[in-house]
Amino acid sequence: MISITKAFEWDMGHRVTNHNSLCKNPHGHRYKMIVELSGEIIQKDGAPDQGMVADFGAIKKLVQTIVVDVYDHSFVYWDKDAIMQAFAKVNKSLRMHSLRYVPTAENLAEDFAKRINAEFNSKMPGVELVSIQLFETPNSSAIWRSNG
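Everything numeric here is computed off the predicted structure, so don't read it as measured data.

1. Brief notes about the overall build of the protein chain
- Per the secondary structure count, the protein chain includes three helices and six strands.
- Along the protein chain, helices and strands appear, N-terminal first, in the series β-β-α-β-α-β-α-β-β.
- Overall, the protein chain is about 60 × 30 × 25 Å in size when its C-alpha atoms are taken along their principal axes.
- Put simply, the protein chain has 148 residues, and 39% of those count as buried.
- Nonlocal contacts in the protein chain, meaning residues at least 24 apart in sequence, comprise 60% of its contacts between residues at least 6 apart.

2. Re unusual backbone geometry
- For His 73, which is not glycine, the phi torsion reads 55 degrees and is therefore positive.
- Summarising the element assignment, His 73 is placed in the loop between helix H1 (56-71) and strand E3 (74-78).

3. Comments concerning the packing of aromatic side chains
- Under the defined criterion, the tally for this structure stands at three aromatic pairs.
- For the ring pair Trp 10 and Tyr 31, a centre distance of 5.8 Å and an interplane angle of 10 degrees mean the geometry is stacked. Of this pair, Trp 10 sits in strand E1 (residues 2-14) while Tyr 31 sits in strand E2 (residues 27-39); the two residues are 21 residues apart in sequence, bridging distant segments of the chain.
- For the pair Trp 10 and Phe 112, a centre-to-centre distance of 5.9 Å together with 65 degrees between the ring planes defines the contact as edge-to-face. With a gap of 102 residues between them, Trp 10 in strand E1 and Phe 112 in helix H3 (residues 105-123) connect regions that are remote in the sequence.

4. Thoughts on the pairing of E2
- Pairing between E1 and E2: 13 bridges, direction antiparallel. Within E2, the residue paired with Ala 7 across the bridge is Ile 34.
- Strand direction decides the pairing type here: E2 and strand E5 (residues 128-137), joined by seven bridges, are antiparallel. Residue pairing in the sheet places Met 33 in a bridge with Leu 134 of E5.

5. Structural notes on the nonpolar core
- Within the largest apolar cluster, 34 residues are counted, with the highest numbers of intra-cluster contacts made by Trp 10, Met 33, Val 35, Ile 59, Phe 112 and Ile 116.
- If you list the elements that add at least two residues to this core, you get E1, E2, H1, H3, E5 and strand E6 (140-145).
- In this structure, Phe 75, Met 84, Ala 88 and Met 96 belong to the second largest nonpolar core, which totals five residues.

6. Here's the deal with the side chain of Thr 17
- Within the fold, Thr 17 resides in the loop between E1 and E2.
- At a separation of 3.4 Å, a polar atom in the side chain of Thr 17 contacts the side chain of Asp 81.

7. What to know about the side chain of Asp 111
- With respect to the helices, strands and loops of the structure, Asp 111 is situated in helix H3.
- Residues in contact with Asp 111, not counting those within four places in the same chain, are Tyr 71 and Tyr 101.

8. Thoughts on the pattern of salt bridges
- Summed over the entire model, instances satisfying the criterion amount to five salt bridges.
- When the shortest N-O distance is used, the salt bridge between Asp 11 and Arg 30 registers 2.9 Å. Highlighted residues: Asp 11 in strand E1 and Arg 30 in strand E2, separated in sequence by 19 residues.
- By relative accessible area, which is 44% here, Arg 30 ends up partly exposed.
- Within this structure, Glu 9, Asp 11 and Arg 30 form a network of salt bridges that share partners.

So, how was this worked out
- Residues numbered from 1 in each chain as written.
- Predicted model: local features only at pLDDT ≥ 70, side-chain atom pairs only at ≥ 80, totals over all residues.
- Heavy atoms only, no water.
- Helix = DSSP H or I, 4+ residues; strand = E, 2+ residues; numbered from the N terminus.
- Buried < 20%, exposed > 50% of the residue type's maximum accessible area, 1.4 Å probe, protein only.
- Contact = heavy atoms within 4.5 Å.
- Phe/Tyr/Trp six-rings, centres within 6.5 Å; stacked < 30°, edge-to-face > 60°.
- Pairing = 2+ DSSP bridges.
- Core = buried A, V, L, I, M, F, W, Y, C linked by side-chain atoms within 4.5 Å.
- Polar contact = N/O pair within 3.5 Å; in protein donor to acceptor, adjacent residues only side chain to side chain.
- Salt bridge = Lys/Arg side-chain N within 4 Å of Asp/Glu carboxyl O.

Okay, here's the thing in structure tokens:
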């Protein structure tokens, strides 16, 4: 087995509703996510992906569709956050996403991992999602790791 990684970046806002610092205010970040996959190197002669675990272009297309295109330049908030819920209700033209969890780096990494893993399982058999590292800032990240 060999692991490969692909990095993605997008801009997204959030607020950590019950936090005791400035993070309780609506604010934004330049998120960076590193997706790590593993599998066997494809050795089939003449195959377009010969010598690869998976085509980086195919990985980009999947993750871009599942995460980046959905969340880039949007605002995520906990569905129990009354302030942001009221704001979203009167600003329906804005890209707002209500989530079932407080949008911390940890919760977002776990959610993104579940979404990405489901797609890779169905579209790239033999390739396993090993980890996702989600940077909320250049110096702060959460890492989700597969149990398998």
